[in-house]
Amino acid sequence: MTPIDPPSIHTATSLLQIQSALDALSTRNASLTAALDLHLANRAVLDTELRALSTHRARLIEAGETAGRLGEVVGKAGRGAESVGARVRNLDLEGQRVRETREVVIATQDLKDAIQELTAALEAPVPDYTRAISASERALAHPRSVLESPFAAAVVPSEAAPLLPHETIANAGEKLVGVVEREFWAAVKTGDSAAAEKWIRIFSRIGKPDIGVSVYQKFIVDLTVQKLKSITISTTDPSTYPTTFGTLLSILAKLLTTHTPIIASTFDTHSALEIAQKLQNEGDRRGALILNSHWEERGVERAIVRARGWGWERLTEAFTGMEKKRGLGVSVAQNALKGSLSAAVSRVASPAPGTGVRRSLDARDREGGSVEDVLGAEDVRELDLLSVELGTFLARWNAYTGYVQQKVEIDGISTVLAESALEKKVTERVLGVYVELTTHLLRRNLEKAFVMEEKLEQITSVVDDLFYITKSLLSRTLATGDVRAIRGVASGFRRILESDFLGIARRRVSSGAVTERCVWVNNLHTARIYLARVIDELTGRALSPEDVKEVLEELGGGVKGRIEGVCGEGVRGLFGGFIRGGLRGVVENAFAGVDYTSSSTGPSNVGTRFSKAYGSLLAPLSTTILPPLLTTLLLTHVLPHLSSLLTQHILTLPIRGEINLINLERDARAIVAIATEHVGWEGRALLRGVLEVVEGFGEGVEEGGEGEDGGRG
């Protein structure tokens, strides 16, 4: 509620209103009086604070005046200090100029003494060249600013040496060059390498490093030519060419590692690279001659043409299955031509566990055997020998370049080797041919392996022969130390293994009799094991660089995946062609005549009948296929399909009474035990659904009573 204002005394109309107005005025008067009293009480405090402010103001004014006077003093001092600093800097500059002038005077005096000594040593009746060389080196130790300065031009010339200092030194150098060069060649002629090295270093001391480099280049070229002349090539022995090539590179490596560091330390890196280039050029010419001679004498081009023109008739027959018309064994006429295969190669047994004693691939290596046949056996031996020679060339070249790069620690030496003509020649006439011939040899031996295929225990000889030669050729390629060759050969091998070998294997596992298909599924399983063993052994070598290991692992991983894929197709084909159709009959035969509705039904012989029929169905495979593959077949295909068939069949059975349910459960467990005898808990897990269906019938009987049908719902 809004308060009511008291009436004004001027508008009051009654005594009561007048009294109320007077009371209100009295109240306001008391309030104003109290406020005035409060202000008067605080005035003393305010006066004290004002007096304090006045005092501080006076002090601040005084401090400002003092600061102004100090600023004037400091300004004067600063201007004085700046003036003193400028004078000090001028004095330092003058002192520096004096010191520099003193150093120039001292250097010029030393230059004059050196030139006088140089002139005296050369103008003596018997010139003292050792003293002259020392004096020349002493004079050349001064910078060009001293040698060609106007002060030196005015002070140094004398009656004995009237020319300018640098002209006198140059003329003396021309006289000393002949002496030093003569002494150098004399030391070379006598075979005194220490003296020769001493004299070649003197060229820099007398200011003629370019002449020293030229002299050393001539020396090193003559030395290289002389040493290389001793290399002879004999065409009677094919191994002479790689041996001669290795001898050439050994000489070059020794010359490069001996003389290039001398030039680098005596002159400079650029001069050392020039010497290395000269040496490499001489080696290029001689090396190209060796490679060209090998190319012509060994008929490399003709060998390439023969390899490219090979018809691959037997390999084509293996693809199309025509070799069956010829028979799997080798004829008597073939044996007469090629000799006994067992004498050349002692076969190994299957690598699968539990198949008997097996010798390793290393044992086959030590036997030194090789696979032959009558189709171009001599040609294969010739190509193999040529491949060995080319691999030796590559090994020698890579060993040479690696050794030189390691020993000659000069930037640019790798470029000299990489851009050399011999590197291009090796790439052109060795590397590419080696990769092509080595790849051809693997495919040729694969063809031989199929021609000479023999039945061993659970595999055929193709796998042993193929991976024996694969390991041999890969080992040979690794020995070259050439990453390019390793990559090329690995790529070719992968193409052959995936296209040819697996192409034929895919046809073998998808058609034919059950025994042949099982054997080739075994071959693929064994091939995967052999390949992994070969790759692991080769990548485990300590000298294999990481990029080589990567190439081998790519080869092994890629081919292994393809082998597993084709092997899986073979296992799936065995199931679909020989087991799937008969498995339904096995299930139906096991339950035939069994009545699960009669109250007088006793134990049945479902398990016995299933065991007999199931064993007969799997017998052709279980006695031929390798145990790991049999396990894969059961777990991947047979048991899942059996589970489906059993479930479907049990769901169609009429069942009545708890006793019959117990009998059914006993029969189902017997079937599960028989079917999973060789696969353990993994198989039982696959058939678990069958037992769960039977257990579901038991729950239905308990809920619905014994009189209800536990079968079809």
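First, a word on scope: everything that follows refers to the structure included in this document. (Residues numbered from 1 in each chain as written. Predicted model: local features only at pLDDT ≥ 70, side-chain atom pairs only at ≥ 80, totals over all residues. Heavy atoms only, no water.)

**Structural notes on the overall build of the chain**
Point 1. Across its full length, the chain carries 27 helices and 0 strands.
Point 2. Across the 713 residues that make up the chain, the buried fraction comes to 42%.
Point 3. The long-range share in the chain, meaning contacts at least 24 apart out of those at least 6 apart in sequence, stands at 77%. (Helix = DSSP H or I, 4+ residues; strand = E, 2+ residues; numbered from the N terminus. Buried < 20%, exposed > 50% of the residue type's maximum accessible area, 1.4 Å probe, protein only. Contact = heavy atoms within 4.5 Å.)

**Some remarks on the environment of Arg533**
Point 1. As for its position among the elements, Arg533 is in helix H21 (residues 514–539).
Point 2. Under the relative-accessibility criterion, Arg533 is labelled partly exposed at 22%.
Point 3. With 66 residues separating them in the primary sequence, Arg533 and Phe467 have C-alpha atoms 9.9 Å apart.

**Brief notes about the layout of surface pockets**
Point 1. Each pocket or cavity is described by its volume, and for the largest pocket that value is around 420 Å³.
Point 2. Around the largest pocket, the lining comprises 21 residues; the ones closest to its centre are Ser193, Tyr216, Phe219, Leu223 and His259.
Point 3. Of the residues contributing to the lining of the largest pocket, the split by class is 11 nonpolar, 5 polar and 5 charged. (1 Å grid on protein atoms, 1.4 Å probe; cavity = no way out; pocket = protein on both sides within 12 Å on 5 of 7 lines; lining within 4 Å. Points joined across faces, edges and corners; volume = space filled by probe spheres on them. Nonpolar A, V, L, I, M, F, W, Y, C, P; charged D, E, K, R; others polar.)

**Focus on helix H23 (residues 606–622)**
Point 1. An ideal rise of 1.5 Å per residue puts 24 Å on 17 residues; H23 measures up with 22 Å between its terminal C-alpha atoms.
Point 2. Of all bends in H23, the biggest is about 35°, found at Ser616, and the proline Pro620 comes one to four residues later.
Point 3. Inspection of H23 places Val606, Gly607, Phe610, Ala613, Tyr614, Leu617, Leu618 and Leu621 among the buried residues, and these make up the whole buried set.
Point 4. Taken together, the buried residues of H23 touch H21, helix H22 (546–591), helix H24 (627–652) and helix H25 (658–675). (Expected span 1.5 Å × (residues − 1). Bend = angle between axes of the 7 residues up to and from the residue.)

**A short note on helix H20 (residues 483–510)**
Point 1. Relative to the 40 Å expected for 28 residues at 1.5 Å per residue, H20 spans 38 Å between its end C-alpha atoms, a close match to the ideal helical length.
Point 2. The sharpest bend along H20 comes to roughly 35°, located at Leu502.
Point 3. In this structure Asp482 caps H20, since a side-chain oxygen of it lies 2.9 Å from the backbone nitrogen of Arg484.
Point 4. At the exit of H20 stands Gly512, carrying a positive phi of roughly 105°. (Polar contact = N/O pair within 3.5 Å; in protein donor to acceptor, adjacent residues only side chain to side chain.)

**Concerning the packing of helix H8 (residues 240–266) against helix H9 (residues 269–297)**
Point 1. Contact pair H8 / H9: the axes reach a minimum separation of 9 Å and the direction vectors enclose 175°. Between H8 and H9, the angle is such that the two are roughly antiparallel.
Point 2. Counted by class, the contact of H8 with H9 contains 14 nonpolar, 8 polar and 2 charged residues. (Axes fitted to C-alpha atoms, helices over the stretch in contact; angles between N-to-C directions. Parallel < 35°, antiparallel > 145°, perpendicular 65-115°, else oblique.)

**Focus on a negative patch on the surface**
Point 1. Residues Asp536, Glu550, Glu553 and Glu554 make up a contiguous surface patch of negative charge.
Point 2. Counting residues per element, the negative patch draws most heavily on H22, at 3 residues.
Point 3. Checked against the element boundaries, Asp536 lands in helix H21. (Patch = residues over 30% accessible without salt bridge, like charges linked within 9 Å, V, L, I, M, F, W, Y side chains within 5 Å. Areas by Shrake-Rupley, 256 points an atom, 1.4 Å probe, with all protein chains shown as cover. Salt bridge = Lys/Arg side-chain N within 4 Å of Asp/Glu carboxyl O. Lys, Arg positive; Asp, Glu negative; His and termini not counted. Charge placed at Lys NZ, Arg CZ, Asp CG, Glu CD.)

**Side note on the nonpolar core**
Point 1. By size, the foremost hydrophobic cluster in this structure holds 167 residues, and its most contacted members are Phe501, Phe591, Tyr614 and Leu642.
Point 2. The element best represented in this core is H22, accounting for 17 residues.
Point 3. Other than its neighbours up to four places away in sequence, Tyr614 contacts Leu583, Val586, Leu634, Val638, Leu639, Leu642, Ile674 and Ala675.
Point 4. Of all hydrophobic cores here, the second largest spans 8 residues; its members include Ala107, Ile115, Val146 and Ala161. (Core = buried A, V, L, I, M, F, W, Y, C linked by side-chain atoms within 4.5 Å.)

**Notes on the environment of Glu313**
Point 1. Considering the arrangement of structural elements, one finds Glu313 in helix H11 (residues 313–320).
Point 2. Taking the C-alpha atoms as reference points, Glu313 and Glu447, separated by 134 residues in sequence, lie 8.8 Å from one another.

**Some words on the packing of H9 against helix H10 (residues 300–308)**
Each pair of packed helices can be summarised by the angle the axes make with each other and by the distance between the axes.
Point 1. Viewed as axis vectors pointing N to C, H9 and H10 meet at an angle of 50°, and their least axial separation amounts to 5 Å. Of the possible angle classes, the one that applies to H9 and H10 is oblique. Within the contact between the two elements, H9 uses His294, Trp295 and Glu296 and H10 uses Val300, Glu301, Arg302 and Ile304.
Point 2. Tallied by class, residues from the contact of H9 with H10 come to 3 nonpolar, 1 polar and 3 charged.

**Side note on the packing of aromatic side chains**
Ring pairs (aromatic) are described by centroid distance and by the angle formed between their planes.
Point 1. Considering all chains together, one arrives at 7 aromatic pairs under this definition.
Point 2. Residues Phe450 and Trp520 carry aromatic rings whose centres are separated by 5.7 Å and whose planes lie at 5° to one another, so their mutual orientation is stacked. Remark: Trp520 occurs in helix H21 and Phe450 occurs in helix H18 (residues 421–451); sequence separation between them is 70 residues.
Point 3. The class of Phe450 is buried, set by a relative accessible area of 5%.
Point 4. Taken together, a centroid distance of 5.0 Å and an interplanar angle of 15° make the contact between Phe610 and Tyr614 stacked. With Phe610 and Tyr614 both in helix H23, this residue pair falls 4 residues apart, about one helical turn. Taken as a pair, Phe610 and Tyr614 share a single burial class, namely buried.
Point 5. In textbook terms, an aromatic cluster arises when at least three aromatic residues are bridged by ring pairs, as seen for Phe450, Phe467, Phe501, Trp520 and Tyr530.
Point 6. If you follow Arg429 out to its NZ or CZ, it ends over the ring of Trp295, 4.5 Å from the centre.
Point 7. Directly above the ring of Trp310 sits Arg444, whose terminal nitrogen or CZ lies 3.4 Å from the centroid. (Phe/Tyr/Trp six-rings, centres within 6.5 Å; stacked < 30°, edge-to-face > 60°. Lys NZ or Arg CZ within 6 Å of the ring centre and 35° of its normal.)

**A few points about a nonpolar patch on the surface**
Point 1. The grouping of Ile18, Leu22 and Leu25 at the surface amounts to a nonpolar patch, some 230 Å² of accessible area in total.
Point 2. On the secondary structure map, Ile18 appears in helix H1 (residues 15–123).
Point 3. For Ile18, a relative accessible area of 33% puts it in the partly exposed group.

**Quick word on the side chain of Thr470**
Point 1. By the element assignment, Thr470 lies in helix H19 (residues 461–480).
Point 2. Residue contacts for Thr470: discarding those within four places in its chain leaves Leu442 and Phe493.

**A look at the pattern of salt bridges**
Point 1. Taken as a whole, this structure holds 19 salt bridges when the rule is applied.
Point 2. Among the ionic pairs, Arg306 bridges to Asp379, the shortest N-O distance being 2.8 Å. Here Asp379 lies in helix H16 (residues 377–407) and Arg306 lies in helix H10, a separation of 73 residues in the sequence.
Point 3. Taking relative accessible area as the criterion, Arg306 reaches 35% and is therefore assigned partly exposed.
Point 4. Assessed through its relative accessible area of 16%, Asp379 is described here as buried.
Point 5. As a salt-bridge pair, Arg484 and Glu423 come within 3.3 Å of each other at their nearest N and O atoms.

**Here's the deal with the side chain of His525**
Point 1. As for its position among the elements, His525 is in helix H21.
Point 2. Classification of His525 by relative accessible area gives buried; the value is 10%.
Point 3. In this structure, His525 is in contact with Cys567, Leu626, Pro628 and Leu629, ignoring residues within four places of it in sequence.

**Some points on the environment of Ser293**
Point 1. Assignment of secondary structure puts Ser293 in helix H9.
Point 2. A C-alpha to C-alpha distance of 8.3 Å links Ser293 and Tyr241, two positions 52 residues apart in sequence.
Point 3. Non-local contacts of Ser293, meaning those with residues more than four positions away in its chain, are made with Tyr241 and Arg298.

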